[in-house]
Amino acid sequence: KAGVTQTPRYLIKTRGQQVTLSCSPISGHRSVSWYQQTPGQGLQFLFEYFSETQRNKGNFPGRFSGRQFSNSRSEMNVSTLELGDSALYLCASSTQRGSYEQYFGPGTRLTVT
Amino acid sequence: GESVGLHLPTLSVQEGDNSIINCAYSNSASDYFIWYKQESGKGPQFIIDIRSNMDKRQGQRVTVLLNKTVKHLSLQIAATQPGDSAVYFCAENEGGGNKLTFGTGTQLKVEL
């Protein structure tokens, strides 16, 4: 079974631009969560989607948004990019919500210049 | 100001020895815990999980211990191998959803 896939793997943007990242969960997984990983803050939860609905949101500004499609694929968008948005963005998928194993993709490395 | 990178504690072990990585979690309401391994340039890899109604769970070469009284989690790796070198994270789930709160991580270095 294929793992979680994320595209693109690497991205370079300039301040003020916007970016869309994509995540395809493991087949049969209905939950997708997004995380930001930086050297300064570690791994931080962004949001969680299940059945096309955002179920939980982390402490990030409104510039960070996401959505989930009927096939469980998810996208996240960051508008008006700032230098501090440079990070590894990871998505994780799970069959259900709650105490279930979550599997991560390889991440998208975003660099904002 | 300038951001400062998190200082990751480092555990250095000899190949073949057992490793113990510790984690203190923050929320007494957390009911599910996961250990992840992250190699350079890759996403976190699921190792083992444990629910709050258990004290111990064993996998292949790994054991997780949970002490709810002191909110402490540990990962034991038997016969540590060079391929075990990575950063290890514990994560807690408060329940009801899929939000994971991660620890800062521990760098495991295996010396030949």
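Please refer to the structure higher up on the page.
Predicted model, so just to flag it, every value in this text is computed and none were measured.

Asker: Is there a simple way to think about the state of the cysteines in this case?
Answerer: In a disulfide, the sulfur atoms of two cysteines are held together by a covalent bond. Applying the stated criterion across every chain, the model contains two disulfides over all chains. Here Cys23 of chain A is linked by a disulfide to Cys91 of chain A, with a sulfur-sulfur distance of 1.8 Å. Here the S-S torsion is close to 65°, and the disulfide linking Cys23 of chain A with Cys91 of chain A is therefore right-handed. Of the two residues, Cys23 of chain A is situated in strand β3 (residues 19-24) and Cys91 of chain A in strand β9 (residues 87-94); the sequence distance between them amounts to 68 residues. The pair Cys23 of chain A / Cys91 of chain A is uniform in exposure class, with both members buried. A sulfur-sulfur separation of 1.6 Å characterises the disulfide bridge that pairs Cys23 of chain B with Cys90 of chain B.

Asker: So what exactly am I meant to see when it comes to the sheet that holds strand β7 (residues 64-68) of chain A here?
Answerer: What links the strands of a sheet is backbone hydrogen bonding, and the strands pair in either a parallel or an antiparallel sense. All names here are of chain A. Spatially, β1-β3-β8-β7 is the arrangement adopted by the four strands of the open sheet, whose pairing is antiparallel. A strand with exactly one partner marks an edge of an open sheet, and here the two such strands are β1 (5-7) and β7. Across the sheet, the mean angle separating the axes of adjacent strands is 20° when strand polarity is ignored. Here five bridges tie β7 to strand β8 (residues 74-78), and the two strands are oriented antiparallel to one another.

Asker: For this particular structure, what's the right way to read unusual backbone geometry?
Answerer: The general pattern is negative phi for most residues beyond glycine and trans for most peptide bonds. Residues Thr7 of chain A and Pro8 of chain A are joined by a peptide bond in cis, for which omega reads -10°. Looking at where Pro8 of chain A falls in the secondary structure, it is placed in the loop between β1 and β2 (10-13). Notably, Thr80 of chain A is not glycine yet its phi reads approximately 45°, a positive angle. For Thr80 of chain A, the position within the fold is in the loop between β8 and β9. Within the chain, Arg61 of chain B stands out as a residue other than glycine whose phi angle is a positive 70°. Checked against the element boundaries, Arg61 of chain B lands in the loop between β5 (56-58) and β6 (62-67).

Asker: What exactly am I supposed to notice about the layout of surface pockets here?
Answerer: Gaps left between atoms are located by rolling a probe of water-molecule size over the structure's atoms. Volume-wise, the largest pocket comes out at about 470 Å³. Lining the largest pocket we find 24 residues, and of these Gln37, Leu88 and Arg109 of chain A together with Gln38 and Phe89 of chain B sit closest to its centre. The set of elements that each furnish at least two residues to the lining of the largest pocket consists of β4 (31-38) of chain A together with β8 (86-93) of chain B. Here the lining of the largest pocket takes three residues from β8 of chain B, the largest share from any one element. For the lining of the largest pocket, the per-class residue count stands at nine nonpolar, 11 polar and four charged.

Conventions and cut-offs
- Residues numbered from 1 in each chain as written.
- Chains lettered and ligands numbered in written order.
- Predicted model: local features only at pLDDT ≥ 70, side-chain atom pairs only at ≥ 80, totals over all residues.
- Heavy atoms only, no water.
- Disulfide = S-S within 2.5 Å.
- Helix = DSSP H or I, 4+ residues; strand = E, 2+ residues; numbered from the N terminus.
- Buried < 20%, exposed > 50% of the residue type's maximum accessible area, 1.4 Å probe, protein only.
- Pairing = 2+ DSSP bridges.
- Axes fitted to C-alpha atoms, helices over the stretch in contact; angles between N-to-C directions.
- 1 Å grid on protein atoms, 1.4 Å probe; cavity = no way out; pocket = protein on both sides within 12 Å on 5 of 7 lines; lining within 4 Å.
- Points joined across faces, edges and corners; volume = space filled by probe spheres on them.
- Nonpolar A, V, L, I, M, F, W, Y, C, P; charged D, E, K, R; others polar.

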